[in-house]
Amino acid sequence: MSTFSLFVSCPRGLEQPLANELAALGAADIRISDGGAACSGDLAVIYRINLHARTASRVLLRLVQNRFRNENDIYTLARNVDWPHWFGVDKGFKIHIEGKRAKVASLNFAALKVKDALCDVFRETTGARPDVQKIRPDVRIQVFIEEQNLAIYLDTSGEALFKRGYRTEAGEAPMRENLAAGLLLLAGYDGSQPFMDPFCGSGTLAIEAALIATRHAPGLHRSFGFERLDNFDAHLWDQLRKQAEASIGTASAPIVGSDIDRFMVRTAKANAEYAGLTHCIDWQVADVLDVRPQGEHGILISNPPYGVRLSEIQILQALYPQLGSWLKQYFAGWRVGMFTADRDMPKMMRLTPKRKYPLHNGNLDCRLFVLDMVAGSNRGSK
C-alpha cells in the first residue's frame, strides 16, 4: 500500500496532543509545526486519523511541494499533478489558498493559476473539465504559499473534523469540539477519572469527555472527503468503522455537566442524545457554588464566563474569589482546568496555576490554567 506525505492541522496550542494521537494511530515521521503536524502514512492511517483523532482539524494529503519564482511556475507545478488519478470529471472542486509572507502579487491570482492547470490537465486527458463548486464541493484542494514555497494538498476530511455531527444547537460562543477534546487531554483526562463541568453551556466538554471515556471514535457518525476520491477503499473503510464500533465501552466514572441556565442544560441534553451518550452524562441545573464533587481525584474543566462590558467584569470580579474558596473547600484532590480569556482570573481566585497553556477560542487569545487542588493551599502570595 502506498505511503503518502500528510499534514494534519489542529487548533494552535494543541500540536503536542495531536502528535501523541498521530503516533498512537500509526503515523510515521511526525514533525510538529505551528498549527499542526506533518507525518506520513498509508490509506489506513489516513482513514484512522480522520475517524479517531480528537484534536485534528483536517487531514491533508500532499500532492506537490516545491519552490517557485513567479505565478507561471505555480501553474507548471500544478500542471504536473495527475489530477484525474485522484478524482473524476464529474466531481465538483473548490480551491482554498493561504499565504504566509507569500511572494506573489495576489493569492487569488495564484489560486486561479492552480485552477487553470487542473482544468487543462483534465481537458488534455479526458476531453472535459470538472466544475468549480463553492458550496459543499466533492473535492477540496488546499494551497499553501510560504514566501516562495508552494504546497498543494487534497483535503481528505471534507468538512472540518471538529464537526462531529452531534451538535444540534449551541450557545452564543460555542467551543469547537476538537478544542474541547484538547483541553481534556492537556489536563490529563483519560476517561478513568470522574469529570465535571459546572459551566457546561451546550455541553461540549462533557460530551467530549464521554466520547473519551467510552472509547467512542469522534468521527463515527459523519462522512469524509476521502470517500469521494477515486482511490477510496470501501472495504478497508468498512473494516475500520466496524473495529471502532466494536471498541465502544461504558464510562467507568461519573461525568457531570451543570449550568445555572435551564435552557442551556436542555440544549446540552439534546446534543448528548444526538451523540448517543445520554446514559453517560448526568446533567444538572445548578448554581456553580452549589455543585459538589462526584467521586474523588477527578478532573474539573470549565470555560467560565468572562466579561466584555464593565458591568459584567464587575460581577465576575466578585464571583472569582468565591470560586477559589469553593474549589479549596470542596475539590481537594481534584485537578482543575479553567479555560478563559481573562489572564487575571487565577490571581482573582487567589490560586496559583501549576501550568498554563496558551490557546485560542475563535479569535480570543485564551489560556488553560491547570491547578492541582490541595485543601487550604494553592493560594497565591500577597
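Scoring rules and cut-offs
- Each chain has its residues counted from 1, running along the sequence as written.
- Since the coordinates come from a predicted model, pLDDT governs what is reported: local features require at least 70, and pairs of side-chain atoms require 80 or more to be given and counted, while whole-chain, interface and lining totals use all residues.
- Only hydrogens and water are removed before side-chain values are computed, so all heavy atoms of the structure are retained for them.
- In this text, helices come from DSSP runs of H or I with a minimum length of four residues, and strands from runs of E with a minimum of two, each type numbered from the N-terminal end.
- Whenever two N or O atoms come within 3.5 Å, that pair is a polar contact, provided that in protein one can donate a hydrogen and the other can accept it, and provided that, for residues adjacent in sequence, both atoms are side-chain atoms.
- Residues are treated as being in contact if the distance between any of their heavy atoms lies within 4.5 Å.
- A pair of strands is labelled paired if DSSP reports no fewer than 2 bridges between them.
- Here an axis means a line fitted to C-alpha atoms, over the contact stretch when the element is a helix, while the angle between two N-to-C directions is reported on a 0 to 180 degree scale.
- Angular relationships are summarised with four words: roughly parallel below 35 degrees, roughly antiparallel beyond 145, roughly perpendicular across 65 to 115, and oblique for the angles in between.
- Should the near helix be turned counterclockwise from the far one by less than a right angle, the crossing is left-handed, whereas a clockwise turn marks it as right-handed.
- Grid points spaced at 1 Å and placed over the protein atoms alone form the basis of the search, with a cavity being a set where a 1.4 Å probe fits but cannot get out and a pocket an open set showing protein on both sides within 12 Å along at least five of seven lines. Lining residues have an atom within 4 Å of a point.
- Grid points are joined across faces, edges and corners, and a volume is the space filled by probe spheres set on the points.
- Each residue is assigned to one class: nonpolar for Ala, Val, Leu, Ile, Met, Phe, Trp, Tyr, Cys and Pro, charged for Asp, Glu, Lys and Arg, and polar for all the others, Gly among them.

Student: Which parts of the structure should I look at to understand the side chain of S40?
Tutor: With respect to the helices and strands, S40 occurs in strand β3 (residues 36-41). Looking at S40, its side chain comes within polar contact range of the side chain of D29, at 2.8 Å. With residues up to four places along the chain from it excluded, the contact list for S40 reads T3, F4, L6, A27, A28 and D29.

Student: How should I be thinking about the pairing of strand β14 (residues 364-372) in this particular structure?
Tutor: Side-chain positions along a regular strand alternate between the two faces of the sheet. In this sheet, β14 lies alongside strand β12 (residues 335-340) in antiparallel orientation, the contact comprising six bridges. In the strand pairing of β14, M338 is matched with F369.

Student: Which parts of the structure should I look at to understand the packing of helix α6 (residues 177-186) against helix α7 (residues 204-213)?
Tutor: Two quantities define a packed helix pair, namely the angle between the helix axes and the distance between the axes. Packing of α6 against α7 brings their axes to within 9 Å, and their N-to-C directions diverge by 65°. Here α6 lies roughly perpendicular to α7, going by the angle between them. As α6 runs across α7, the sense of the crossing is right-handed. Judged by residue contacts, E177, A180, A181, L183, L184 and L185 of α6 engage T204, L205, E208, A209 and I212 from α7.

Student: Any chance you could explain the layout of surface pockets here in plain terms?
Tutor: A probe as big as a water molecule, rolled over the atoms, marks out the empty space that is left. Estimated volume of the largest pocket: approximately 1,500 Å³. Among the elements that take part in the lining of the largest pocket, strand β6 (residues 139-146) stands out by supplying six residues, more than any other. The class makeup of the residues in the lining of the largest pocket is 18 nonpolar, 16 polar and twelve charged.

Student: How do you make sense of unusual backbone geometry when you look at a structure like this?
Tutor: With the exception of glycine, the majority of residues adopt a negative phi angle, and the majority of peptide bonds are in the trans configuration. A positive phi angle, near 50°, is found at R101, a position not held by glycine. On the secondary structure map, R101 appears in the loop between β5 (93-100) and α5 (107-126).

Shape descriptors only; they carry no functional weight alone.
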